Every structure is written in structure tokens, then in C-alpha cells.
Amino acid sequence: MGQLPPHLELQRSRVSCNKDAPIHTESIQYSGAYASMGIDNSSRLDRFSNNFRVEVVRLNEDDMEFDMIGIDAAIANSFRRILIAELPKMAIEKVLIANNTSIIQDEVLAHRLGLVPIQNDQPNEKNTIVFKLHVQCKRGSPRITVKSDALKWLPNGSELVKETRNATSDSSSKPETYTYFCCSQETIPEFVKNPIIPKYPDIIIAKLGPGQEIELEAYAVKGIRKTHAKWSPVATAWYRMLPEVVLLEDIEDDLAEELKSKCPVNLFDIEDLGKGRRATVARPRACTLCRECIRGDDWEKRVALHRVKDHFIFTIESTGALPPEVLFTEAVKILEDTNA
Amino acid sequence: MGLKQEDILNKNSKNLNVSEIPVDKQKLAAPIKSAVDKFQLLPEFLKVRGLVKQHLDSFNYFVNTGIKKIVRANDRIVSDIDPSIYLRFKDVRIGEPSMTVDGITEKINPHACRLSEMTYAAPILVNIEYIQGSHGQKTRLEKNDLVIGRMPIMLRSCCCVLQGKDEAELARLGECPLDPGGYFVIKGTEKVILIQEQLSKNRIIIDADKKGNINASVTSSSEATKSKTVIQMEKEKIYLLLNQFVKKIPIMVVMKAMGMESDQEVVQMLGRDPRFSALLLPSIEECAGIGIYTKEQALAYLDTKAKRPLYASSASDQDGRAFCILRDVFIANVPVRCNNFRPKCLYVAVMLRRMMEAILNKDAMDDKDYVGNKRLELSGQLISLLFEDLFKTTLAQVKKSIDSVLSKTSRSSALDPSQFLRRMEFITTGLERTLSTGNFDIQRFRMHRKGMTQVLARLSFIGTLGFMTKVSPQFEKSRKVSGPRALQPSQWGMLCPCDTPEGEACGLVKNLALMTHVTTDEDEGPLVSLCYCLGVEDLELLSGEELHTPNSFLVMLNGLILGKHRRPQHFANALRKLRRAGKVGEFVSVFVNEKQRCVYIASDGGRVCRPLVIADKGISRIKEHHMKELLDGVRTFDDFLSDGLIEYLDVNEENNALIALYEGEATPETTHIEIEPFTILGVIAGLIPYPHHNQSPRNTYQCAMGKQAMGNIAYNQLCRMDTLLYLLVYPQRPLLTTRTIELVGYDKLGAGQNATVAVISYSGYDIEDAIVMNKSSLDRGFGRCIVMKNRSSNVIQKYENGATDRILRPQRTGPGSEKMLILDDDGIASPGEIIRPNDILLNKEVPIHTRGTRVSSDSLPDSAYKPVRQSYKGPEGESCVMDRVSLSTDRNGNLSIKFLIRHTRRPELGDKFSSRHGQKGVCGIIIQQEDFPFSERGICPDLIMNPHGFPSRMTVGKMIELLGGKAGVSCGRFHYGSAFGEPSGHADKVETISETLVKHGFCYNGKDFIYSGITGCPLQAYIFMGPIYYQKLKHMVLDKMHARGNGPRVMLTRQPTEGRARKGGLRVGEMERDCLIAYGASMLIFERLMVSSDPFEVQVCRKCGLLGYYSHKLKTGICSSCKNGDDVSTMQLPYACKLLIQELQSMNIVPRLKLAEAN
């Protein structure tokens, strides 16, 4: 297989970030795009499997950064979209408010509770996670702040007794509540070791003045981001294309110093050539595309900023329900399912 | 002489400068000349004066001084029948706000009044002295603290309980510390007396009328009378126009009637210039032509021209009617003592001279729109007028009652005049009624004005503030004139150049600028004597000719001629020096008018003025150490005033000053330096960041919209029971603030949110200013708002027969119980319950019989009541929540129940949003976050704005706000964008913002590299993206959307009802009809105008053409005039048409229908 001429190869594989606007941003999909030059542009499985690589750069409990190389923007974007919108998660959907004398309105309180991320949830449409929140600020005591750690998991389901208007139920049977759990959730193997709690204990839910009280039960159910942002397992997930900084000519001496000082993220280094100094690109990955290095007269002739079209630096920030790497594999699974 | 003096001064200063040139260079480098940050003066100023200081000062003046003056002027009631019986007021004062119910006096606070629909008022207490008894035994008695009425109290005034309270105490009283006060609480509603703009009283104003005749007019206003005097030049002759005379009077006749029998003296008074005598000559000739040479002849002539007075009094007959008019009505502001008319003659001479100057030189004409010729009437003055009227009426009534008692021959008890006073309710009810309706109808002062008070708009905090600074115009709004609407250069610093409504009131309704102060009246007496001490020559001692001698200036005090002075500049400087030393009131203005050769001294109320830093030869008196002392708290704003560092200048005196914007721009001639340039804007325009970069109408639009933005209203917003309340769930303080925002507290009670905005064209649903919103942002609470509505209060009434309304326990079972689910056991809806349409809020029953025989409410059977349930009628499908239920006692002592219903809304398609730059737009589409573009840092915008919004609007300020906001979030410091703030450091410069952006890895121009959320590829442009403060406006689709299929109809015409509130139909109007006719869609017209509107079947008699009726017995139509059914046809007609025919018939007009084809 022949090679494309360099300018076409640049168009095909790089986004050129010029001073005024980025050009060649689209990927060239058509298999016969370069047919006249005898070059096949079709996507081939073998070529893909040879070239495709994933390199994890950083992996923490809550976030990860990895490089996905040799893939089309459309596919990378699919992963991003699935991560954002389609991964299921548990979030508080229904709130039964028994008492709320605080200044925060019931529906605002419920909305805030919904956005509290829950740790260790195993998304399961058959299950409901029940939380209880009962805080009281005694008269005469100072104001208190209700934080998310006040949410207590009720493995045995609701404790609120259903109010029945016709008082015919006999006293012997268990009082009717809002849930019917066949067994305690604590006995489910996944939760034996890890009880369900909010991921962060210090999220402010409400503030109570003396004499105010909140008593409620919250029911978390499974859902996806498409319905509401609270069912999002990621805070955000995005990618950027790998930056590539090319020095079009040798930049020496004072110009090199100028270039080095121009860059706010310290992209360039200066190497000592003995008789003079020359600028080199040391950390292209750090480029934020502030375009300072191509600002000013003639600099666009010396430095070119590119983005590699098939190299994606992916970042996933988890909200805590699942570790980020699991989230990504889940996303892959969902993509597989949709293709099937 | 005066001019020469000045010249010498100038020369001196020039000489000094020449000698100081080497020193001057050093001075330029010295820190003094570099701008001292005078900004701290502003918060200090506002701390001393408050945001609505004009209202408060005015009311305080009335309460402390004005009311006493009124009572002192009318302090005696003397009986006509027995003059030895009298009542005298010794003192008057306003007590503490309180309320007396059943003899028990209770202190009240404003918030309690708001909630229980009371009037926040304080008793007017008087000390009186009176004669009790009659015939032989008369005793002089004294009574202290007698209540003669209740005066509504302005919040935060000196009588208010809130005065001087700190934040904690205010909170305890249920009051918001940021609330400015300055309004009244009348029957539970907050009422503001708008500032009224008026032409100056007692000043000579020269202008031309429609015919081009030159007028000199004076609107006189003294304690006794109010009148308007016009002297007009018509066909080269000069006339006097006065209401009391039937026709215009030759001016020379008037002069002669006032004792100026010699024509020469009049000419001398005008001055030596032959041009003036030439102008007067035709008038002298005319006077001689009608044969009037002496005072007696003139008065006799005037007597024939005088209008017959409405009520003849004995005094006027004695002296002659014309004489009285000349004395009391003609230029009433010039007092006539001991029938000495000379001051009046001189005044007329000055008027004539000014007029002739205007004829000779058109520039001498006065500008009516000039702010210096205007006075602002504030609540204190208006209430004082009202009180004076009511007080006099009360006195008259009391006198009448005393006389009627005295005229009775047999009396059982001794007469006590104070009894009558106590019984009078005029003052209380009169004040309350006038303030609550806003109709000032004061016969005594011929004042009939409507809409003087308005309900304080509590839509947003800033709207409330804006209401307090609003100045309403003197003219009616319909006048199509451009002059008063145009921006006047003299408005600078006094009235906001941006804040005016659009439409008919544009330019007429104005708003005060941030530092404006409106003066109150000041005593003239000491000023007069001071002026004479400073060398003013009394006119009494001068001959007429000396009036206009070229080497002297006239001295006028509040429109009155005091005398003349030979060294006006010296005199003015002396007065100013005294003022700066605090020996004369700080608001007294001295203005040397070189053109008119006059020194005007003003101490009257209603002038607008503003504080300025005094500069000596261009060097500011405020030095670094003064500001340091201010910051340390050892120096207050008042100290600056009393130390002569700062002074108040009114619009006229500004003409004698050369004011530099900044220290650096000051030249040796500079006399004053502005405190801060952004204070030329008002409160509302002050919210706009970088307004000086915007096209000016955009700032005006924002001023209108800022008042509609939702946010926080006050700290006590959740304790209020307003009829309509819009709140934002998560309001934020703007990332890009201004100094004004911090001064007024908008950062604490914001009305908007900082949204990350990307300026792209996206999805096609963003044309015509629509915005695209991110669904996830909305999920997280962006733009979420709470609407609270107060359902009209329900009163549990007691009836005259002893029966009362009652509230019943709700039914828990059976039919109807499903509507009572939200009721508590006491029959009142409980807070926190979710309400659905038709739910019952109050299970109330009303007795059937409310009159007649007395019954006990306990013994009434259930059958004697009928249910009057209050149910919720909201739109179907919308679920609201009962927020609060308030039980209070109303004025009649009945239980009143109010429900506050809450609805939380998230933004939806069609809701209106706006940035702070007059760029409003509706939400066009809501899009999922994954479809939204994202930046290299993973930032996803909250909303997308179409770039087409920029080129034609030229809101560069918005772009800078975006840049500044972006820099602000990256470096963690709030950026500033105060108006004209770049030189003084109150606005960040674009260059520094760009540097900050670059430092944090952004492009200097704020444009980011963005990926498309749909394709995943980068966009082919860098996108301008960053945070902009967005306001949610009160116009929401939910309140407006309306459609109807079938629905209610109007009873009379049987046509569909009108309006959304009545579920009305959508009208095919005249123009729509015209379109359909032109197009020829006849069946559609038929369907719209008849079938879908009000079809009606009528019986028409083909013979007589009248309408008949359908007889159900005979199953046929019958014509009632032909008495048979032979020729009756059935046809369809709009019911309105049938109605018209019948109405015409009732007026003896017979419309006959001629049917072309019928069966």
C-alpha cells in the first residue's frame, strides 16, 4: 500500500488548529476517497485490530484518564455518549416527606436528595434502596446543617406505616408500609460487606433552625441520564484529541526564549546547542490550545498546532457509584448490545 | 466692579501658576495628584443617607418641622358665638406607631401590619389649651397628648420602629435589613408616593408660546395662596394675564394701579438702555390711549375687569376688588407689607427686563426642561399638603360643633371643646384613603391628581429599589413632544441617563442617580439677614434706576429680590465659604448668573443636588490620609462635609463649577472633582457590567428587564403573604459584579444565575434570539423557580343577628370526601399538602339567615347553614403545594384565613430569559447534554446563544462580561465591570482579563476549541464560551398558554368569552376577516363568525320580515305580528344579530329581513 502525499496525509490524520479556525476537522470516511491515487481508505477489521490500543494514563478511585488510539471519532464519541447518557445508576426518585418544618421547600429538598450520589449501588431495576432521614434541631440549640451522611440506609425497607383510612386491619399482622421486601437487603451478598451510603458525607442538604425538623424516607431506583441528570454515573466523561505541536523551522536564541515564555503550560524546552539555543517541543500533551504560541506576526509560520484525529485522550470522572474503569467496560457492553 | 474683582483673582492665580511651574512638575509626580481612591465615600454616603434618603428626609422633615408649622399657623379655634371660648394648640408631635383596639394601645411593627392588613400608623398627639364651660364659670384647662388622628408612618423614617435597628433586631421584627424603606403600609399593602417632577415655584420663567409671543411667567406659591402670573408681549404691547381678570390687562395700567404713576420711573426701573424703553413705548402709549394716568383711574379700570369672586368676603369690598387681587394674587410670592407695593413693582420690572432681554436675544429664553428649573415633590411635601387640608377641615368642623352646642339655649353639661376634637376621624380616614387610592383631591389647594401612590412592586429586590427612585412626570404622557423626553445635559449625575421606560412614558418617567439628594425646605430668615450682612444693598434704599446699574448684580433668594451687590463673585465666594464651614445649611446653593447679572441663592425644597469633592486650583482637598481615616472608622461622611472637603451642588450651582472627572484631568481652573463617575447611573443601570461598552438603548432595555427578573426579594420573603411572588430556587451572585451591585446588596439578593454560554448557532431552534438549553443543567436546578400565589382571603364573618360562619371537620368517607383530602381536622387545608384542581381549601359554611331575629350561633341546626367551600381552581394537570396558611384578625375583628399556594417550575420551552445587556430570548429547545458541544476540558455549556444576537445589538459589554466571568472562575476572584471604571480600577480592563485567561491556559480572546457532541469531531471554528449572568424573567409559558375547543360563552351575546382567565376563544378579528374575504374563503368565514361562535335558529316571517317564534304546541313557527305561521321560515343567524334586531325594535326601529330564497 502506497503512501499519501504529505499534505493529504496531514489532512487525513490531523486537525490543523490555525490561528483563525481549526481546519480538516472531519474524518474522511469514504473508502474511495483516495482511490484516484490508488490508495484504499476503507476501514478494515485487521487494520483496526492491529492499530487499536488503549493505554491507561491515570487511574484513581474516582477518575481515570486513558488514551484510545487508532479509532474513529464517531466510535470514541459513542463511548462518551453512552457513558454520559445510557449507563444506569441508582438515584433517589421518590421522597415521602413525613415532616418538614425547615425553610427549604419539600420539592426543592427532594430535588437536592435526588442529586446525592450513592455509593455501592448495584443498578437493579428489581430493587429499591430505601433511605431514612430524620434530623431535628432542638429549641434553644444553634442552627444545624443537614449533610448527606444523615441519610441512613434502611435494608429492611420502609418504616413508615401506611395510613389506612379504614381501620380494619388487625393488630397482630405487621403494619403495612410502603415497601414489600421479601428479605433484608443486608443479606444480599454484595451488600454484606459494603453497606449502602451516600458517596460523600458532606453534601449539604438543608439547614435547620431551632425547632425545625425534617423526617422523610427516600427511595432510590434505577434509571439513566436520559431521563434525569441525577442518574448519571459520571460527573462528566469527555475526550480530547492528542495535541501535536510542530516547529516548522528551527527557533533559536531569543525567539526560542520568547516561545518558551509565551506558553502558559510550559510546553517548550530550550536545548543548548553549544553555539546557540534551540526550542524543542517537550510536553505537547499538555497543550490546552490557548494559541499563544501562534499569536503575533509570523509565529504561525514557525509553529503549527495539530490534533491527531485517531488518538483520543479520554477522561472519565465517576460520581462514585462504580469505579471509572468498570464504567467504561459497561459502556462497551452497551455499545455491543446496541449493535447486535 | 464685580467682574474686575474676578479678573484680579484670575490674574493672581495665573501669576501663581507661572511662578509655580517647577513645583507643578513635582506635584504631577507626587502621590496627591494620583487618584485617591474616593470610592469608599460611596458606601459611607449610602450608610449615612440610605438608598432612598430622599423619601426619608422629606418625611422626616414633615414630621419634625412641617407638621409643627402647619399647626402653628392654624393654632386657634375661636367660637363665633362666644369669642371667649377657644381652643389653642400648643404643640404637635407624632407618637410611636401603635394601634388602639378597645381602649388598649398596642405597639405595632410594619411586618405585622403587612400580614394582618393593618395600616402602619402612629397617633398624632397634640397639647391643647381650652376654655371649658359657659355662661359664668369658665375654666382654662390644658390637656396633653390628645390624639387627633393617626398618621401613616414611612418605614425607616425617624418615627418608625425600624429606625436605627441593627440586623439582628430587624430580623426579630420580621424585616429585611436590605429593604430600603421609604414606603407606607396602608391596609396591608405597601404604598409608595412617587416622586413628582414639577416646574420651579416662585421663579421667573421666560418662554415663547405657540404663537411666538414671549411670556414671562411665575407660578407663585406662598403659605396663603397659589397663583400663576403671566406677562406677555403681544403685538409689541405688554399685557398681564391673570386668572382673576377677565381679559389681559395692559402692564402699564397694573404699574399705575400699584402706585407707579410716573412712566419715567418705570422706564428707569428697566434700565437706561434705550432699547428697553423703545420696547416699552407701545405699552405706555396704550395706557395713555385709554386715559389712565393715576392710581385711582387704574384701580377703577381694573375693578371693571376683575372677575366676580365666588364667595364675597367683607374685606375685599372694603379695599376694592382689584386692589385685593393685586395684593394677594398677583405674584403672590412677593409679600406686600403695609400696602407697600414697591417690591412688587420692582419684581415686575425685573420680569419685564428679563422678557425684553429675551426679545432682543433669543438665547436668554429659559429652558423648561432644564433640571435646574425643576423641583421634585416628595412624599413629605405631599403628605404635608394633605394634612394641612385635613387639619383645617377638622378645625372648621370642630368650630361648627362648638357653635351648634353654644347656640342651643339649654345645655345639660359643660362644654368641652376637646371632646369634639377627639371624635373627629377626618385626619385618620383622609390620610388612609388618599394614600391607598393615590387620588390627591385637595379642594383647598386646587390639587386634583390621580395615581400619586402606587403599590410597591415586589417582583424582585432591584425592582423594589427602582420603584423608590422613580420620578413621575408633570405632563400627561400622551403629549407628543420631544423636548421633555430628550436627555438633558443638566441631568448629569442627578438623573439616570439609562433608566427610563420604553413606549409612551419614554423620557418622561425618570430615575434618580445613585448619589442624588433632594433638598428639603430650609428657613429663609437667617439667610436673608446673612445676605444683608455680607453687603447686599436693600432695594428699599435704592432708586429704581439703580436696579440695573451695570456694576452690580441682583441678589435673589428663592425667587425673591433681596437687593443688589456690587461684588457678586466675592459675595458668592463668601457664602460658599460659610457653607463649607457649616455655618449655612449644606444644601443652600449660590449661583452667579453672569448673563442675567444675578446671584441666585436657593434654600427651597425639591432641588436635586449631589456631593462633589472640592478642589483648590485643581487639587483635590481629599488626601490619602482622609481616606485612611475613613477606612479606620474615625471619619464619617458627615465629617467630610463639615470639614469642607465635600459639598453638595445643585444643578444651578454646577454652572459655576468646573468639574473634573478624575484628579488627573484637573486643571488649575477646576473647582470640583467627581467622587466616582459611575454614580451618574441609577440603581438599576448600575447592575449592568461594562454599560459604557454597550449601545445605549440596550442599557435602557436592561433597566426595564432587570425589574422583571426573578430571584430573591428580601430576607423575609418566606414570611410574606404577597398575592404573587416569584422566587428563584438557586439564585447566585453575579460573577462579574459592579460596585453598585455591592452597594445596593444585589450580591446578597441576586436575581439570576451564572450560566456557561457558548455563542454558536445550533439546531436551528435558536433563531430570533431563542436560546438552546442543556437538559442536564435544568435537571440540576438551573432556572428553577417558585411561584407563590395568595388565594384571596376568606373571612369568617359575624352577622348582625348573632350568627357566624363556621368551619367544619372534613368528611373522610362518602361522596365528596375525595375533594377534602388535603383538609386538616380543623377544616382548613394543611401546609405541605399537594393540591389538585378542585380540591377544597376551606370547609366553610355560611348561615342561611343573616338578618332578623337574634340567634345564638351554637344553637343553630346544621340545616340553617349552606356550604360555601373555597376550592382551588388551577389549570388541569398542574399540581401545586399548600405553602402556608395564615390566620389573622382583620380590621373588623373577624378571623381571616389566607392560603399561600406554591408551584415549583423548571424552565420549559418558551420561558423568557435575559442577560444583563438587554438581550432577551425565549428558550427555543432543550437538548440532552450528550448532544451539546464540549470543550477540551470537558466543559459543556448550560445554554447556547445565537451569534446573530451580537452584530446588530452591539452589546460589547456582554462579550467583556463573558471574558471577565471566565477569567473570574479560573482565577477565583470576582471581577468588576463598573461603568466607566477602567481608569479608577473599578472595572477590569480587557487586556488584564486576557492575561489572566492566558495564564490559565485559555485563549486570550475567550474562544475555545470545541468538539461537537453529535459527530464527535472538532467544530470548524473556535467558540466564544464562558459564564454570563442570566436572569429568568417572570413571563412564563405556563401562565400564558391557552387554547380552547368548546367553552364558556358570554350570557348576553352567547359568543365565546374573551381572555385566558375566562377560558376565552381566540378571536378572528377584523383584519383576519379582511384577509379571508380577500382570499374568498367564504365558508371559512361563515364557520368562524357564525357556526363556531353564536349560531341561533330564528323564525322569520317572509311577509313582514320580523322575527317570530317557534311554537312547541303547534310544532311550527309563528309570526307574532302577522298572528299566523303561514309564511314563516327557519334560518340561522348569529345570536348577536338577533339581539341587535331586538334592541333596535325596542328603540322603535324596525329592521326587516327580506329573504331571497326561503322555504
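Chain B goes by DNA-directed RNA polymerase subunit beta in an unreviewed UniProt entry, where it is assigned to Gossypium raimondii. Under the UniProt heading Sequence similarities (unreviewed entry), the entry covering chain B gives this text: "Belongs to the RNA polymerase beta chain family."

For chain A, an unreviewed UniProt entry supplies the name DNA-directed RNA polymerases I and III subunit RPAC1 and the organism Gossypium raimondii. Under the UniProt heading Sequence similarities (unreviewed entry), the entry covering chain A gives this text: "Belongs to the archaeal Rpo3/eukaryotic RPB3 RNA polymerase subunit family." Quoted straight from UniProt, the Subcellular location (unreviewed entry) entry for chain A says "Nucleus".

## Re the overall build of chain A
Helix and strand counts for chain A come out as eight helices and 14 strands. Relative to the compact-globule value of 20 Å for 340 residues, chain A shows a C-alpha radius of gyration of 28 Å, a clear excess of over 25%. Within chain A, the proportion of its 340 residues that are buried is 33%. For chain A, long-range pairs separated by at least 24 residues make up 72% of all intrachain contacts whose partners lie at least 6 apart in sequence.

## Looking at the pairing of strand 53 (residues 1107-1111) of chain B
All names here are of chain B. Two strands pair when backbone bridges link them, and strand 52 (residues 1095-1101) and strand 53 are joined in this way by two bridges, in the antiparallel orientation. Paired with Val1100 across the bridge in strand 53 is Leu1107. Count of turn residues in the strand 52/strand 53 antiparallel hairpin: five residues, of which Gly1105 carries a positive phi of about 80°. Count of turn residues in the strand 53/strand 54 (residues 1116-1118) antiparallel hairpin: four residues, of which Lys1115 carries a positive phi of about 55°.

## Considerations on the UniProt feature "domain: RNA polymerase Rpb2" (unreviewed entry) in chain B
Residue and element names in this part refer to chain B. Feature annotation in UniProt assigns "domain: RNA polymerase Rpb2" (unreviewed entry) to the following positions: residues 201-377, 454-518, 555-615, 637-668 and 1064-1154. The span residues 555-615 is 21% helical and 44% strand by assignment, and the distance between its end C-alpha atoms comes to 26 Å. Segment residues 637-668 splits into 31% helix and 22% strand. End C-alpha atoms: 26 Å apart.

## Re the domain arrangement of chain A
In terms of domain boundaries, chain A breaks down into domain 1 (6-85 + 237-316) and domain 2 (89-231). Its C-alpha centre places domain 1 of chain A at a distance of 47 Å from the equivalent point of domain 2 of chain A.

## Some points on the interface of chain A and chain B
Opposite the 41 residues of chain A that make contact, chain B presents 33 residues. Elements represented by at least two residues in the side of chain A that touches chain B include exactly strand 1 (14-17), strand 2 (22-23), helix 3 (73-85), helix 4 (106-114), strand 11 (234-247) and strand 14 (303-318) of chain A. Top element by residues in the side of chain A that touches chain B is helix 3 of chain A. It accounts for seven residues. Residue composition of the side of chain A that touches chain B, by class: 19 nonpolar, 10 polar and 12 charged.

## Remarks on the sheet that holds strand 9 (residues 195-199) of chain B
Residue and element names in this part refer to chain B. Here we have four strands laid out as an open sheet, ordered 15-9-19-20, and mixed in their pairing. Edge positions in the open sheet fall to strand 15 (374-377) and strand 20 (510-511), since each of these has one partner strand only. Here strand 9 runs beside strand 19 (residues 470-472); their pairing, made up of two bridges, is parallel. Residue pairing in the sheet places Gln196 in a bridge with Ser472 of strand 19.

## Regarding the domain arrangement of chain B
Residues and elements named next belong to chain B. Taken domain by domain, chain B comprises domain 1 (47-197 + 376-462), domain 2 (204-336 + 358-374), domain 3 (691-784 + 908-1032), domain 4 (785-905) and domain 5 (1094-1159). Each side of the interface is counted separately: domain 3 has 13 residues, and domain 4 has 10 residues. The residue inventory of the side of domain 3 that touches domain 4, partitioned by class, reads eight nonpolar, two polar and three charged.

Definitions and cut-offs
- Residues numbered from 1 in each chain as written.
- Chains lettered and ligands numbered in written order.
- Predicted model: local features only at pLDDT ≥ 70, side-chain atom pairs only at ≥ 80, totals over all residues.
- UniProt positions renumbered as here; feature names shortened; annotations may be inferred.
- Helix = DSSP H or I, 4+ residues; strand = E, 2+ residues; numbered from the N terminus.
- Rg over C-alpha atoms; globule rule 2.2 N^0.38 Å.
- Buried ≥ 20, exposed ≤ 12 C-beta atoms within 10 Å, placed from the backbone.
- Contact = placed C-beta atoms within 7 Å.
- Pairing = 2+ DSSP bridges.
- Domains from an automatic or database assignment.
- Nonpolar A, V, L, I, M, F, W, Y, C, P; charged D, E, K, R; others polar.

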